[in-house]
Amino acid sequence: MLISLLARALTMSTPLLFGSLSEVIAERSGVMVTAIEGIFLIGAWGGFVGTYVSGSYTIGMIVAMISGIIVAAIYGIVAIFMKQHQVVTGTALNILVAGFCTYFQRVLFGVPTSPLKITPLPKLPIPLLSDIPVLGPIFFQQNILTYIVYLVIPISYFVLYKTSLGLTIRSTGENPEAVDVAGINVNKVRFSVVLFAGLMGGLAGAFYSVGYLGMFSANIIGGRGWIAFAICFLGNWHPIGAVIGTLIFGFTEAIAIYMQSIGGGGYFPNELFIALPYILTIVLTVSRKTFNVPAQLGISYSKEG
């Protein structure tokens, strides 16, 4: 049971890793991607529609990524180039996307008597590695998106801390004037990073509809985009911190799902276990004492004359 629980925890951590790691990179450039909940949702919808209509997981993933990039681009144009308030812009986009997905789901498929379904992404056991006791069933009997996130973790760390691109991104969030003086367009750097967050968020959303549930509903994300956003804070704007925070949340969500499946042992209502991961996030956020906040986080940059 413990092995199964840990494997499920890793599964539930996958989309949050996509979201939180991309949020870390975006916020290190000085931009809070507060449209992350909407990006997750549009990715879930685009991934489901693309897969359902075409019958291809690949096309579904491509549609999900493009959908996430489009929403991120709208957010970036309004918040970065038009210099509107990032929280207000993101909140408005989240509401817009929720209405968009609900409306076009009905336009395309009507109101079916039972939810439309697809076969979720299959698990792909890796030969030899999946046979390792304990570790094999946990790490190497997952679907393709989980294996992709294994690569995203070290790549994110390497790019952010070991390359000139990462230095530029971090400098943009700390001292954009110095980046500007070096001849680099600050807003273009920020916009590019936001587009990357849109791509990753689209994949994260598609995980829920295509990789896990095999269906789409208007409440499929259920605030998990905001959880990924919070994990960035809890992880102190560092990829390793984001990974640790995500795994903790994933394990908590796996426990919640297990307890719901057995009826809470007959002692607690299911609603308590549904809320458990969110309660944990609030507790961890409140209990944290210090934050290494990027100096220019949430502040628009204008080049002085």
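Preceding block: the structure.
What you are looking at is a predicted structure, and each value in this text was computed from that prediction instead of being measured.

Peer 1: Give a detailed account of empty space enclosed by the protein, specifying residues and quantitative values.
Peer 2: Scanning the model with the defined rule gives two cavities of 30 Å³ or more in all. Considering only enclosed or pocket space, the largest cavity measures out at about 50 Å³ in volume. Forming the boundary of the largest cavity are G19, S22, E23, V33, I36, I39, F40, A197 and G201. Within the residue set of the lining of the largest cavity, elements represented by two or more residues are α1 (2-28), α2 (36-54) and α9 (186-213). Looking at the lining of the largest cavity residue by residue, the class counts come to five nonpolar, three polar and one charged. Reported here for the second largest cavity is a volume of approximately 30 Å³. For the second largest cavity, the full set of lining residues is V31, A79, I80, Q86, N187, R190, S300 and Y301. When contributions to the lining of the second largest cavity are tallied by element, the ones reaching two or more residues are α3 (57-81) and α9.

Peer 1: Can you break down the packing of α1 against α9 residue by residue, with the values?
Peer 2: Each packed pair of helices is defined by two parameters, the angle between the axes and the distance between the axes. Between α1 and α9, the shortest axis-to-axis distance is 7 Å and the interhelical angle comes to 165°. It follows that α1 is roughly antiparallel to α9 by the angle criterion. With respect to the hand of their crossing, α1 and α9 are arranged in left-handed fashion. Here R8, T11, M12, T14, P15, L16, F18, G19, S22, I25 and A26 of α1 lie close against α9, whose contacting residues are V193, F196, A197, M200, L203, A204, F207, Y208 and Y212.

Peer 1: Mind laying out the nonpolar core, listing which residues take part and the relevant values?
Peer 2: By size, the foremost hydrophobic cluster in this structure holds 65 residues, and its most contacted members are F18 and F216. If you list the elements that add at least two residues to this core, you get α1, α2, α3, α4 (86-109), α6 (144-162), α9, α10 (224-234) and α11 (239-261). Per-element accounting of this core gives the leading share, 12 residues, to α9. Contacts of F216, omitting those with residues within four sequence positions, involve L41, A44, W45, F48, C101 and Q105.

Peer 1: Provide a residue-level description of the packing of α3 against α9, including the pertinent values.
Peer 2: α9 packs onto α3 with a crossing angle of 140° between their chain directions and a minimal axis gap of 7 Å. When the axes of α3 and α9 are compared, the crossing they make is right-handed. Taken together, the residues that form the contact of α3 with α9 break down as 18 nonpolar, five polar and one charged.

Peer 1: Could you give me a rundown of the pattern of salt bridges, with the residues and numbers involved?
Peer 2: The full count for this structure, using the stated rule, is one salt bridge. We note a salt bridge from E253 to R224, for which the minimum N-O separation is 2.6 Å. Separated by 29 residues along the polypeptide, E253 in helix α11 and R224 in helix α10 bring together distant segments of the chain.

Peer 1: With reference to specific residues and values, describe the packing of aromatic side chains.
Peer 2: In this description, a pair of aromatic rings is defined by centroid distance and the angle of the planes. Within this structure, the stated rule accounts for 15 aromatic pairs. On the basis of an interplanar angle of 10° and a centroid distance of 6.4 Å, the ring pair of F207 and Y212 is categorised as stacked. Residue classification places F207 among the buried residues on the basis of a relative accessible area of 0%. Through a chain of ring-to-ring contacts, three or more aromatic side chains come together here, namely W45, F100, Y103 and F104.

Peer 1: How would you explain α2 if you had to name every residue and give the values?
Peer 2: Since the α-helix turns once every 3.6 residues, residues separated by three or four places project in the same direction. If you check α2, its first and last C-alpha atoms are 26 Å apart, about what 19 residues at 1.5 Å a residue would give, namely 27 Å. Within two residues after α2, G55 carries a phi angle of roughly 75°, on the positive side.

Rules behind the numbers
Residues numbered from 1 in each chain as written. Predicted model: local features only at pLDDT ≥ 70, side-chain atom pairs only at ≥ 80, totals over all residues. Heavy atoms only, no water. 1 Å grid on protein atoms, 1.4 Å probe; cavity = no way out; pocket = protein on both sides within 12 Å on 5 of 7 lines; lining within 4 Å. Points joined across faces, edges and corners; volume = space filled by probe spheres on them. Helix = DSSP H or I, 4+ residues; strand = E, 2+ residues; numbered from the N terminus. Nonpolar A, V, L, I, M, F, W, Y, C, P; charged D, E, K, R; others polar. Axes fitted to C-alpha atoms, helices over the stretch in contact; angles between N-to-C directions. Parallel < 35°, antiparallel > 145°, perpendicular 65-115°, else oblique. Left-handed = near helix turned anticlockwise from the far one by under 90°. Contact = heavy atoms within 4.5 Å. Core = buried A, V, L, I, M, F, W, Y, C linked by side-chain atoms within 4.5 Å. Buried < 20%, exposed > 50% of the residue type's maximum accessible area, 1.4 Å probe, protein only. Salt bridge = Lys/Arg side-chain N within 4 Å of Asp/Glu carboxyl O. Phe/Tyr/Trp six-rings, centres within 6.5 Å; stacked < 30°, edge-to-face > 60°. Expected span 1.5 Å × (residues − 1).

Just geometry here; none of it tells us what the structure is for.
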